[in-house]
Amino acid sequence: MTIISALGSRRAIRDYRDQEVEEEKIKRLLEVATWAPNDRMREPWSFYVIKGEAKKRYEALAMEFLEERFPTKPHLVNSSIKVLTNTPVHIVVTSDVVPGDEDATKDNEYAVCCAIHSMWLAAKELELGFVWRTRGVGLVHDERLHQFIGAPENKKVIGNIFVGYPDEESIQKMKPSKRTSFEEKTTWL
Ligand SMILES: Cc1cc2nc3c(=O)[nH]c(=O)nc-3n(C[C@H](O)[C@H](O)[C@H](O)COP(=O)(O)O)c2cc1C
């Protein structure tokens, strides 16, 4: 597969088979992430792998969040929790905050985004499904996720990656990916 075709066929995969992800493959994703471009080689990423017993605790945290957020919508709480119980592994990715340097802090976040995208492409090659979640059970914008992973103050949570072996049936049902043409997004100066 060429890089260009891999970019064109990468998808957000949200449904997984009931199958563990081998530690070797998780390590491969993490290694690939560290090759991402980054300003001044600050290598601003840190990874927190949530699986096994930690995943159970994460589910409990998400349940607390969902019940608080949707007190009158138990069906929504249950379907959201199902998303978590059907996900074998999460990788939370943080970016280093540079005290007193907003620009460097932003550049660090951009580098972490590159790292996550690298992992996304590598996941495809490793036959893994992958989605970067921020909203809802992703909990990226909720301070409790930061506390849960035990990250220091100077690390900002950027992504919660959901990984697992894709459920083939739901892949078959996925609508083709669509994008606005670059022509509409580009100004040639
Ligand atoms: C920064 C970021 C945040 C995202 N957050 C979520 C999310 O919270 N929940 C979700 O289901 N997908 C999330 N996604 C995945 C997008 O919804 C997905 O990439 C988009 O629908 C395009 O589909 P594709 O990746 O299959 O091309 C996120 C993607 C990015 C880059």
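Residues numbered from 1 in each chain as written. Predicted model: local features only at pLDDT ≥ 70, side-chain atom pairs only at ≥ 80, totals over all residues. Heavy atoms only, no water.

Novice: Sorry, what's going on with the nonpolar core here?
Specialist: One broad trend across soluble globular proteins is that nonpolar side chains are buried collectively. Ranked by internal contacts, the top residues of the largest apolar core, which has 49 residues, are L29, I91, L128, F130, L145, I149 and V163. No other element matches the 8 residues that helix α5 (residues 102-125) contributes to this core. Apart from the residues within four sequence positions on either side, F130 is in contact with R11, A12, I13, Y16, I116, M119, W120, A123, I161, F162 and V163. (Core = buried A, V, L, I, M, F, W, Y, C linked by side-chain atoms within 4.5 Å. Buried < 20%, exposed > 50% of the residue type's maximum accessible area, 1.4 Å probe, protein only. Helix = DSSP H or I, 4+ residues; strand = E, 2+ residues; numbered from the N terminus. Contact = heavy atoms within 4.5 Å.)

Novice: Help me out: how do you make sense of the side chain of N108 in this one?
Specialist: Tracing the chain through its elements places N108 in helix α5. Separated by 2.8 Å, the side chain of N108 and the backbone oxygen of D96 make a polar contact. (Polar contact = N/O pair within 3.5 Å; in protein donor to acceptor, adjacent residues only side chain to side chain.)

Novice: Could you clarify how one ought to interpret the site of the ligand in this entry?
Specialist: All residues adjacent to the ligand are R10, R11, A12, R14, W120, V131, W132, R133, T134, R135, S177 and R179. With respect to the ligand, the side chain of S177 contributes an N or O atom lying 3.4 Å from an oxygen atom. The side chain of R179 places a nitrogen or oxygen atom 3.0 Å from an oxygen atom of the ligand. Alone, the ligand offers 620 Å² of accessible surface; in the complex the protein occludes 70% of this. The element contributing the most residues to the shell around the ligand is strand β3 (residues 129-133), with 3 residues. Within the shell around the ligand, the residues separate by chemical class into 4 nonpolar, 2 polar and 6 charged. (Near = heavy atom within 4 Å. Areas by Shrake-Rupley, 256 points an atom, 1.4 Å probe, with all protein chains shown as cover. Nonpolar A, V, L, I, M, F, W, Y, C, P; charged D, E, K, R; others polar.)

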